[in-house]
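# Analysis of the macromolecular model
Below are the chains, spelled out letter by letter.
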Amino acid sequence: MFLKHTQIAPSLASQLLHAAEAAARAIPPAFPLDATVAVNPFLGQTHEDLAQASARLARVAGISLTRPRAELAAKVAAGEITDDDLAAALIASPSPVKPQDLAWLKTRMQTPAPAPRALPTVAELAARATGTDWHAVIDRSFGLWAAGYFDRGQALWTPRPGHGAFAAWREWATHDLTPEIAGLTGFCAHVAEAPDTAERAVLRAAERLGLTAEAAETAFHRLLVDLGGWPMHARWLLWQAELKGGTDATLTDLLAIRLVWEEALLAHVPSIGEGWQATVLAHAQPLLPTPDQAVDAVLQEAAERAHQRKLAALLTGPATLSGRPALQAAFCIDVRSEVLRRALESQHDRVETIGFAGFFGLPVAHRPAGTDEVQAHLPALLNPALVSTSHGSDADETATRIKARAKRAWGRFRQAAVSSFAFVEAAGPAYGGKLVRDALGLGGAGMAPGPMPQIEGGLSAEAKAQMAAAVLRAMSLTQGHARLVLLVGHGAQVTNNPHESAYHCGACCGQTGEVSARLLAQLLNDPETRAGLPALGLTLPEDTLFVAGLHDTVTDKVTLYRDNPAPGHAADLAQAEAWLAAAGTLARAERALRLPGATGDTLVQRAADWAEVRPEWGLAGCAAFIAAPRSATAGRDLQGRAFLHSYDWPADKGFGTLELILTAPVVVASWISLQYYGSTVAPELFGGGNKLIHNVVGGIGVVEGNGGLLRPGLPIQTVHDGQSQAHDPLRLSVMVEAPVEAMTEILRKHEGVRQLFDNGWLHLFALKDGCVAARYLPGLRWDTGQAATGLAA
């Protein structure tokens, strides 16, 4: 079917389309702003190690995947990275081009690494030949079309719906005179004559550009990278479709669009043909790391071993906890909870905290009040199995919807092409008071509780008990319950911040943890649940009350939701609120030391400040994931850098909970860690740019200025304090108190998770009695020697 527009042999056509698919899979997804989820930007490279991925992304994006070599050399000079760390990292490197010995590594370390340069596109070669910045022309033209095509309700005017991306762009581009004004004569006609499907367009362009099967994959990847965050949004569309058992062709469409530009520019500037053929030959060469990329990968590994050595020194054995707890509080494993958990435990020697993923094991999609749209409240890796709702009575729901529609209509009136001018003239002065109030930080509504959520259709008594038992076992909360158990989700109160959902709970798909915590508290307090648990081998004390709460990670204030009247627990609740308030004061004082210009007394004001670009540091600094009894980490100052998941392996019959931890929370934590890593070491590709010049586009993401390419990832202010990096880019060290045999079998079963450890995107350690007992090695092997357990201390 492809021969209509090309003379490509069927076998080559198949290879080229396979290369297009591989290039698409090399792009990470970028979630939209209303449900931002941290994503591993190297998701398409997890089958490669760091050095190999560095070679690939240097070719297609011109970026380095490690921090500047001088920074790592400075850490060696300061003694933060020891010779033992360097030697161990050098031995662990599988690269055939690594330095031969420690002395040579230390010599090479003092020589700056050459800056990587991406192979040029036709547009770049044409720009050099003509003096016209064709890259900027494409960015502007494509970005304008994409903002309208992908719009999710922000724009007043959008392209005609019902078209695929390639067809919609062809219709639009045949009327866009921007390229012809810039000098690309006949571009509209060229687009009109393009093949009618993206696959045919890819094949025709590959033929005209002289792309071979060997060159195609990285050449296609190079062009997708050239479109910034838009292909990442398209990759999210594919991700969502595949979660539901479908597929989506938008990424291929975007590749076809970019290839149409390339073939047009090559025809427009034929003098660059020789330079382009040299580029094709370079793309066809095998992807091999250079000696410099091998050196940088070894230095990165050494920096991570230095951190692991310091962390292991803190884990010296379990603390002693005895007696019935005066209070138990289950928090999300988010690193920001570590500071508050430590502060809360300091209030009383029988306060116990628990770590668990912030969706609290409930696989729900939620329908908020006033809308029929559902929001995922579970990790992005999973599909929801239940739907909950906050819809109230018919009268309340109708009133809420009328209010929402009136607000939308008023917003449309303010922004419409004609009425916006009259609005500013007539209503502008009336907004003076609001502007003053907001400027003084007095306009914030705070994190007001929503209506009580309910499971749509309810659950049977049997289903309630089974779900409760599964959650309690996953939380390692099967015995020793306190009279009062808090289930504390988290969210962030921010103002005028497009990336608000990025501060919320990653395990809740960018929503706050309020809904999940309140649903679980309701479930565990339900008499039918309590009655059904003994048959499943679990019993909850009659006097145990579960209360949901929400930790505001900006202000460190915890709101408790008294959804269940419990007069008998009034004193317990009052004491818990007093302890939480005192713990919040301690946590604010600790966190303020890291925030520029902050004190413990000003964090609340930062939450309401519409000009504040750093309301908090989010998960900056995250470096470890520890799954163990709390006694292994209690009393240790982990500086808000560790995900803490409670896990008691002797109670985990069959290791089902261990499998869940390694395949879900660990993977989610790795996505968070690697997003911060990528946004720090390669902000030009994986970073969100400068908050000060952001404009929201399409409700999807942000652009810098008034147009251009979508900027995915974290803004620079999230990982940098203005003078130095606020995030130490380290790949996550995962420490699990469990038998190595059980972890080995789980990794053998889950190839995708095993790749993360085998290729060094994560480090894995086994703990025993709270101390490091073994280091995982590629190939399902473990090192239990002194170098591993002592971490070269």
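For the structure, check the block above.
Chains are numbered independently. Their residues run from 1 in the order of the written sequence. Totals for whole chains, interfaces and linings use every residue, but because this is a predicted model, local features are given only for residues with pLDDT of at least 70 and side-chain atom pairs only at 80 or more, for both listing and counting. The side-chain numbers reported here are obtained from all heavy atoms of the structure, hydrogens and water having been left aside.

### Here we look at the side chain of arginine 614
We count it as follows: Where helices and strands are cited, they refer to DSSP runs of H or I of at least four residues and of E of at least two residues respectively, numbered from the N terminus. Think of it in three bands: with a 1.4 Å probe and only protein chains considered, a residue is buried below 20% of the maximum accessible area for its type, exposed above 50%, and partly exposed in between. Here Asp and Glu are counted as negative and Lys and Arg as positive; His is not counted, and neither are the chain ends. Here, a salt bridge means any side-chain nitrogen of Lys or Arg that lies within 4 Å of a carboxyl oxygen of Asp or Glu. We call two N or O atoms a polar contact when they sit within 3.5 Å, provided that within protein one can donate a hydrogen and the other can accept it, with sequence-adjacent residues counted only if both atoms are side-chain atoms. Contact criterion: two residues are considered in contact whenever any of their non-hydrogen atoms come within 4.5 Å of each other.
If you trace the backbone, arginine 614 turns up in the loop between helix H26 (603–607) and strand S10 (624–628). Buried within the structure, arginine 614 lacks any salt-bridge partner; glutamate 612 is the closest side chain of opposite charge, at an N-O distance of 5.8 Å. A polar side-chain atom of arginine 614 sits 3.2 Å from the main-chain carbonyl oxygen of glutamine 717. Those residues within four positions of arginine 614 in sequence are excluded, and the remaining contacts are Leu595, Pro596, Arg606, Gln717, His720, Asp721 and Gly722.

### A word on the sheet that holds strand S15 (residues 763–768)
Across a sheet, strands are paired by hydrogen bonds formed along the backbone, either parallel or antiparallel in direction. As a reminder of what qualifies: Each pair of strands is called paired provided DSSP finds at least two bridges between the two strands. For helices, the axis comes from a line fit to the C-alpha atoms of the stretch in contact; other axes are also lines fit to C-alpha atoms, and the angle between any two N-to-C directions lies between 0 and 180 degrees.
The strand order S11-S10-S14-S15-S16-S17 describes an open sheet built from 6 strands, whose pairing is mixed. A strand with exactly one partner marks an edge of an open sheet, and here the two such strands are strand S11 (642–646) and strand S17 (781–783). For this sheet, the mean angle separating the axes of adjacent strands, direction not counted, is 25 degrees. Sheet analysis places S10 next to strand S14 (residues 733–737), joined by 4 bridges and oriented parallel. When the bridges of S14 are listed, isoleucine 626 appears paired with methionine 735. Across the sheet, helix H31 (residues 740–749) lies against S14, S15, strand S16 (771–777) and S17, angled at about 150 degrees from S15, the strand it touches most.

### Quick look at the pattern of salt bridges
Enumeration according to the criterion identifies 44 salt bridges in this entry. Salt-bridge contacts for glutamate 304 lead to arginine 731; the nearest nitrogen and oxygen are separated by 2.8 Å. Separated by 427 residues along the polypeptide, glutamate 304 in helix H16 (residues 291–314) and arginine 731 in the loop between helix H30 (716–719) and S14 bring together distant segments of the chain. Each of the salt bridges in this network shares a partner with another, and the network as a whole consists of Glu124, Arg222, Asp226, Arg258 and Glu262.

### Digging into the pairing of S15
Most of S15 is tucked away: 5 of the 6 residues are buried. Bridge count between S14 and S15: 5 bridges; the pairing is parallel. Pairing of methionine 735 across the sheet is with phenylalanine 765, part of S15. Between the end of S15 and the start of S16, which pair antiparallel, lie 2 residues, with aspartate 769 showing a positive phi angle near 55 degrees.

### Here we look at the state of the cysteines
The line we're drawing: The definition used for a disulfide is geometric: two cysteine sulfur atoms within 2.5 Å.
Under the definition given, this model contains 0 disulfides. Cysteine 508 provides the cysteine sulfur closest to cysteine 505, a residue in no disulfide bond, and the two sulfurs are 3.4 Å apart.

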